[in-house]
Amino acid sequence: MIRVVWRQQRAQLITMLAVFVVGAAALLAVRASMVSYLDGHALGNCVAIGIRADGGCGNDVVQSFQDIWFDRMKVGQLFVLALPVLVGLFGGAPLFARELEQGTHVLAFTQSVSRIRWMSSKIAVAAAPALVVVVALQLLVEWWVGAAGKIGPLASGPYFYATFGTSGLAPVAYTLFAFSLGMFVGAASRRTLVAMTVTLAVTVVLRYALSSLQKFLVSAQRIVSDDPSVSKVEPGSLTVFGGYLDANGNVVPNANSAVMNCGSKGDAPVTDTATCYRDHGLVKWFADVVPAEAAGTVHLVEAAIYLGLAVVLVLATGWAVRRQA
Amino acid sequence: MSTPALCAAGLSKHFGRVRALDDCTFDLPEGRVIALVGPNGAGKSTLLSLASGLIRPTAGSISVHGTPVRGRMHPDVAYLAQNRPLYPDFTVREVIQAVGAMNERWSQPRVEEVLDMLAGVDRDAKVRALSAGARTQVAIALALGRLPKVLLLDEPLSDLDPLARDETLRIVMTEVADRGTTVLMSSHLLSDLSEVCDHLLLVVEGQVRLNGDVEDVLAEHRVLVGPRDDESAVSGVVVSASRAERQATLLVRGADPVPAGWVADRPDLESLVVGYLRAARERAAARR
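1. Observations concerning the overall build of chain B
Moving on, step 1. Across its full length, chain B carries 8 helices and 14 strands.
Moving on, step 2. Relative to the 2.2 N^0.38 estimate, which gives 19 Å for 288 residues, the radius of gyration of chain B is 21 Å and therefore close to what a compact globule would have.
Moving on, step 3. Seen along its three principal axes, the alpha-carbon backbone of chain B occupies a region of about 65 × 40 × 40 Å.
Moving on, step 4. Burial statistics for chain B: of 288 residues in total, 53% are counted as buried.
Moving on, step 5. Summed over its atoms, the accessible surface of chain B is roughly 12,800 Å², and 49% of this surface lies on carbon and sulfur atoms.
Moving on, step 6. If the 33 positive side-chain charges of chain B are averaged to one point and the 38 negative ones to another, these points end up 7 Å apart.

2. A short note on the nonpolar core
Moving on, step 1. Core analysis: the largest hydrophobic core is formed by 138 residues, its most contacted members being Met34, Phe65 and Phe96 of chain A together with Met185 and Leu200 of chain B.
Moving on, step 2. With 15 residues, helix α6 (residues 115–147) of chain A is the single largest residue contributor to this core.
Moving on, step 3. Ignoring any residue separated from it by four or fewer positions in sequence, one finds Phe65 of chain A in contact with Met34, Tyr37, Leu38, Leu43, Phe70, Met73, Ala148 and Ile151 of chain A.
Moving on, step 4. Counting residues in each nonpolar core, the second largest holds 25 residues, with Leu89, Phe164, Met196 and Leu217 of chain A among its members.

3. Concerning the interface of chain A and chain B
Moving on, step 1. With 23 residues of chain A in contact, the opposing surface of chain B contributes 26 residues.
Moving on, step 2. A buried area of about 2,100 Å², summed over both sides, lies between chain A and chain B, and 58% of it is on carbon and sulfur atoms.
Moving on, step 3. Sorting the residues of chain A by area buried against chain B places Arg7, Leu107 and Ser112 of chain A first, and these three jointly supply 30% of that buried surface.
Moving on, step 4. Counting the contacts that link chain A with chain B gives 1 salt bridge.
Moving on, step 5. With its nearest N and O atoms 2.9 Å apart, the salt bridge here joins Glu94 of chain B to Arg7 of chain A.
Moving on, step 6. Inspection of the region where chain A meets chain B yields 9 residue pairs in polar contact (both at pLDDT 80 or more).
Moving on, step 7. Every element with two or more residues in the side of chain A that touches chain B is listed here: α1 (2–8), α4 (59–102) and α5 (105–109) of chain A.
Moving on, step 8. Residue classes in the side of chain A that touches chain B are distributed as 8 nonpolar, 9 polar and 6 charged.

Reading guide: rules and limits
Residues numbered from 1 in each chain as written. Chains lettered and ligands numbered in written order. Predicted model: local features only at pLDDT ≥ 70, side-chain atom pairs only at ≥ 80, totals over all residues. Heavy atoms only, no water. Helix = DSSP H or I, 4+ residues; strand = E, 2+ residues; numbered from the N terminus. Rg over C-alpha atoms; globule rule 2.2 N^0.38 Å. Buried < 20%, exposed > 50% of the residue type's maximum accessible area, 1.4 Å probe, protein only. Areas by Shrake-Rupley, 256 points an atom, 1.4 Å probe, with all protein chains shown as cover. Lys, Arg positive; Asp, Glu negative; His and termini not counted. Charge placed at Lys NZ, Arg CZ, Asp CG, Glu CD. Core = buried A, V, L, I, M, F, W, Y, C linked by side-chain atoms within 4.5 Å. Contact = heavy atoms within 4.5 Å. Buried area = accessible area lost by both parts, 1.4 Å probe. Salt bridge = Lys/Arg side-chain N within 4 Å of Asp/Glu carboxyl O. Polar contact = N/O pair within 3.5 Å; in protein donor to acceptor, adjacent residues only side chain to side chain. Nonpolar A, V, L, I, M, F, W, Y, C, P; charged D, E, K, R; others polar.

Okay, structure coming up:
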């Protein structure tokens with residue numbers, strides 16, 4: 001059965017292999033080129049410590065590197081972001097829809113192989129190589145971006161959209177979701193074009209919606225600064241909510257007016273901002289944040305949502321295939 | 001009596017509000033070549049799809065040699081679908097390998113034998129490049145490779161030129177002679193059917209009108225020609241009638257004895273089926 005299905009999907013699998021070979025070769029070449037730039041300009045130290053004037057890694061030195069390489073790395077990340085959608089469109093959507101359109105599913109349905117076995121063989125042969133390709137390209141891009149260290153996109157922290165969507169479990173989860181969505185809509189609608197359109201629209205909308213809800217996926221930690229005029233947000237973390245606390249530790253509902261009162265007024269600058277804040281009832285500064293270290297958990301929660309949806313869609317595909325005539 | 005090859009009990013299939021088949025109960029005997037006839041949309045393809053397990057009945061059941069068919073192909077059945085589904089970008093050889101891999105009981109020599117019949121089929125040709133006749137031959141070869149006891153053929157002769165039609169029937173008849181296979185074959189080509197079929201299943205508007213040995217069914221019917229003003233003298237059930245100014249020609253079931261003044265003739269299969277089809281169309285027209 002696997003051999004039959006492999007022969008049926010041979011053209012797509014060869015196309016995918018070609019995309020992989022070209023993509024991987026390009027990534028290896030571009031990374032080698034960037035590494036030689038870093039070496040040539042003695043930026044090895046800056047990769048480790050980031051933009052810091054005292055280490056000889058001032059803005060000017062790093063800037064010329066970023067002018068050339070930052071957008072290129074972002075394009076590489078966007079390529080990995082796009083891969084799951086492509087797998088859904090060209091792997092998942094036509095998987096059953098094309099056979100149902102052409103009526104060739106009847107050939108398999110009128111032999112002794114069960115529909116479930118036919119279906120699972122098709123899914124395995126289409127999905128497994130796609131996943132391998134996505135993960136391989138993800139790792140190559142991560143390896144490339146990693147070479148730029150703290151002067152590349154990684155400096156923006158793990159929640160930077162292009163970094164988050166191309167690291168950890170994210171590409172696998174997005175791919176499985178997009179693939180099963182395309183597969184289900186194709187099996188239910190029996191139309192490849194409908195399946196492709198719906199997959200594109202739903203995947204993009206859901207990805208956008210879930211990434212805007214990203215900071216609510218795990219519970220935030222409250223960090224408090226005893227000096228109300230100093231914020232202590234770590235770079236790379238996500239701020240969910242922030243403000244000031246009163247003497248009893250309650251959130252001050254309308255802190256803006258107090259903050260305005262402590263701003264500079266004409267010629268008389270406020271010298272002790274902290275005291276001024278306290279005088280206006282703002283005793284402590286606080287923020288509810290998702291720290292950079294929690295990125296792994298955020299990845300897990302997000303992946304669980306996508307994988308859960310994928311499981312539901314696979315079951316729904318089984319139902320749709322069973323009721324096909 | 002041996003168990004029937006195919007047995008339907010209260011078999012119904014509704015597509016939304018359309019009743020493709022409605023409460024059909026019948027037995028089909030083993031080892032016969034059965035003509036499945038009826039007007040377009042009478043439910044012939046639906047019946048064959050139900051028998052192959054391709055679709056599930058809305059109500060009732062259908063069984064093959066005593067085993068109910070439900071949601072999957074019965075191991076003893078082979079089905080030739082009307083559109084001859086074959087993977088278009090496979091070669092003939094690859095299609096045969098593929099279908100062989102999807103079956104537990106499979107006879108490669110039987111497939112080769114059928115493909116070598118007639119003009120023979122080029123095994124390295126792509127399926128999409130085959131003529132309609134060659135496609136049908138490949139599809140029948142694949143069906144016979146399953147070594148079926150019951151062979152379901154949905155319009156096996158459509159799209160074929162007269163020579164290919166003749167040859168296709170020859171393949172089917174060879175199968176029947178060699179292996180005693182029961183064949184249920186739908187077709188509109190009544191003259192071709194009458195040469196090979198010995199049993200008739202007539203379906204009209206989702207219901208079985210006639211089911212029996214062709215000879216018995218023909219013996220039951222009479223074509224009567226007589227005076228138009230004396231139709232009340234005719235006993236039996238008038239299936240259909242065509243009336244000229246003075247003379248009426250009636251297809252009658254069970255018209256014994258023949259009344260005086262009428263000439264009786266035995267119908268042939270074609271005129272019998274046409275009579276039933278015409279009556280069905282007139283009833284449908286009268287309802288509108």
